[in-house]
Every structure is written in C-alpha cells, then in structure tokens.
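Reading the structure
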Amino acid sequence: MAEIVESYREWVPPINASRVVARLLAGIPQEYLTGLHSIVLTNSSGLNRGDRRRTTKARQRKVKLAACRGYYCQATRDNAATIVLYVDIIAREIPRFVKHIPFLMDLLVGSVLFHEIGHHIHITRQRDHAEKEDRADAWQTWLTDKYIITHYWYLKPILWLVAKTGRALGLGKIIRRLAPKPSKA
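Notes on the structure in this doc start here. (Residues numbered from 1 in each chain as written. Predicted model: local features only at pLDDT ≥ 70, side-chain atom pairs only at ≥ 80, totals over all residues. Heavy atoms only, no water.)

Observations concerning the overall build of the protein chain
When helices and strands are counted, the protein chain shows 8 helices and 6 strands. When the helices and strands of the protein chain are listed from N to C terminus, the series reads β-α-α-β-α-β-β-β-β-α-α-α-α-α. Within the protein chain, counting contacts between residues at least 6 apart in sequence, those at least 24 apart form 63% of the total. (Helix = DSSP H or I, 4+ residues; strand = E, 2+ residues; numbered from the N terminus. Contact = heavy atoms within 4.5 Å.)

Some remarks on unusual backbone geometry
Of note, the phi angle at Glu10 is positive, near 55 degrees, even though the residue is not glycine. You can see Glu10 is positioned in the loop between strand E1 (3-7) and helix H1 (17-26).

Some remarks on H1
When H1 is considered as a whole, its buried residues turn out to be Ala17, Ser18, Val20, Val21, Leu24 and Leu25. Viewed along the axis of H1, the buried residues span an arc of 160 degrees, placing them on a single side of the element. Away from the buried face of H1 by more than 90 degrees, exposed residues Arg19 and Ala26 are located. (Buried < 20%, exposed > 50% of the residue type's maximum accessible area, 1.4 Å probe, protein only. Arc of directions from axis to C-beta.)

Details of the sheet that holds strand E2 (residues 36-42)
If you trace the 4 strands from one edge of the open sheet to the other, you get E1-E2-E6-E5, paired in mixed fashion. The open sheet has two edge strands, E1 and strand E5 (70-73), and neither has a second partner. Taken pair by pair, the neighbouring strands of this sheet meet at an average axis angle of 20 degrees, ignoring direction. Along the sheet, helix H5 (residues 102-124) makes contact with E2, E5 and strand E6 (81-86), crossing E5 at roughly 20 degrees. (Pairing = 2+ DSSP bridges. Axes fitted to C-alpha atoms, helices over the stretch in contact; angles between N-to-C directions.)

Brief notes about helix H6 (residues 132-151)
The end-to-end C-alpha separation of H6 is 28 Å, in line with the 28 Å expected for 20 residues at 1.5 Å each. All of the buried residues along H6 are Glu133, Ala136, Trp139, Gln140, Leu143, Thr144, Asp145, Tyr147 and Ile148. (Expected span 1.5 Å × (residues − 1).)

Some thoughts on the pattern of salt bridges
All told, the structure shown has 2 salt bridges when counted by the stated rule. The partner of Glu93 in a salt bridge is Arg69, and the shortest N-O contact between them spans 3.4 Å. One end of the pair, Glu93, is in the loop between helix H4 (87-92) and H5; the other, Arg69, is in the loop between strand E4 (61-64) and E5, and 24 residues separate them in sequence. (Salt bridge = Lys/Arg side-chain N within 4 Å of Asp/Glu carboxyl O.)

Quick notes on the side chain of Ser38
With respect to the secondary-structure elements, Ser38 resides in strand E2. When its relative accessible area of 7% is taken as the criterion, Ser38 is described as buried. Contact partners of Ser38, with chain neighbours within four places excluded, come to Ala2, Glu3, Val5, Ala81, Thr82 and Ile83.

Regarding a positive patch on the surface
A grouping of Arg49, Arg52, Arg53 and Lys64 is seen on the molecular surface, where their side chains present a positively charged patch. Per-element accounting of the positive patch gives the leading share, 3 residues, to helix H3 (residues 49-53). Mapped onto the secondary structure, Lys64 falls in strand E4. (Patch = residues over 30% accessible without salt bridge, like charges linked within 9 Å, V, L, I, M, F, W, Y side chains within 5 Å. Areas by Shrake-Rupley, 256 points an atom, 1.4 Å probe, with all protein chains shown as cover. Lys, Arg positive; Asp, Glu negative; His and termini not counted. Charge placed at Lys NZ, Arg CZ, Asp CG, Glu CD.)

A short note on the nonpolar core
Of all hydrophobic cores here, the largest spans 38 residues; its most connected members are Ile39, Leu85, Val109 and Ile117. If you list the elements that add at least two residues to this core, you get H1, helix H2 (30-33), E2, E6, H4, H5 and H6. Discounting residues that sit within four places of it in the chain, Ile117 has contacts with Leu25, Ile28, Leu33, Ile83 and Leu143. Listed in part, the 8 residues of the second largest apolar core include Leu47, Leu65, Ala66 and Val84. (Core = buried A, V, L, I, M, F, W, Y, C linked by side-chain atoms within 4.5 Å.)

The following block contains the structure:
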C-alpha cells in the first residue's frame, strides 16, 4: 500500500484526511496501486514561490498547481510515483456538517484521490492516446462505484429511494448508477 505522508506548513487541517485516505486506499485493488510510492497530504498556502507558480496542462489549458485540489507526479528514474492532495483546498469545499458523515467525506475526498489514482492507472496499466483527464475521470467513476458498492452496500436502498423521489442532493450521477434498473415487464 502507498505510504500516506502528512506535510502541513503552519496549518492544522480541519478534517482527519489521513484516516479518510487510508480508508479509501483500503478499498482499491492492490494491482492498481502498484508503483505508487506515497500520497502526500499538504496545504497549498505552504508552497514556496516557485511551486505556487508551477503549471500543468489540463484539457488544453494551463492550470496552476496551487489552485488544484491535487495532482499526480509520474515516476521518473530518480523519483517514485506520488500523489499530492491539497487538504486546505479540499476542506474549503466541504460543508461543516459533512465533516462528521463518513460516507459523504469518502465521496468528497475520494473524488480527488480516485481521479489522481486514475492518472496513475492510465500511465502504468492502460496507456492510450485518449485525453488524460477524460481517462482519469472514467477511472474515478469506476473506483467510486466499486468503493460505494463494497463499503456502503447497506445504503443502496436509501440511495435508490432518494433517486426515485428526485432529491439527489448533488449525488445524482452516483445514485443513478446504483439504483436498480426498471424491469421491462
């Protein structure tokens, strides 16, 4: 399993991100994590000037890494593959009441983590010429579905009921995928 490293600079996280990430990693098949050395949990406000100015290309446009919720560092000859998650940016997007509900915390933190793991899987296992963000999004969806079905199987009837009544509460895509399909009777 990849090592979880917390490296905050003059900041205390409002959520226990290492516990959530450990729980999420436990739900991923080990074959997809092969070659991933560590997951670094840090804060974007602790970056030096050079790192704050670094950019990456996503969907044909430049994006500052300090504005992202996380990013994937591909393995090189000198460094192992690493995922960096900016917990301060992720936590800023999480409402206060959600911080005490493990299912919702798993969804919100998992959306970032699974996307970055999707980049790792795309590079190490299924390299093709598709848009890398689209491929990472597809893996994120697959990993999220697998995680929910495995760890929150008991919520499936509740999620189905919420989807049936039309109150998806922002979880519409996931709920629609988990809801039973109507029979063709």
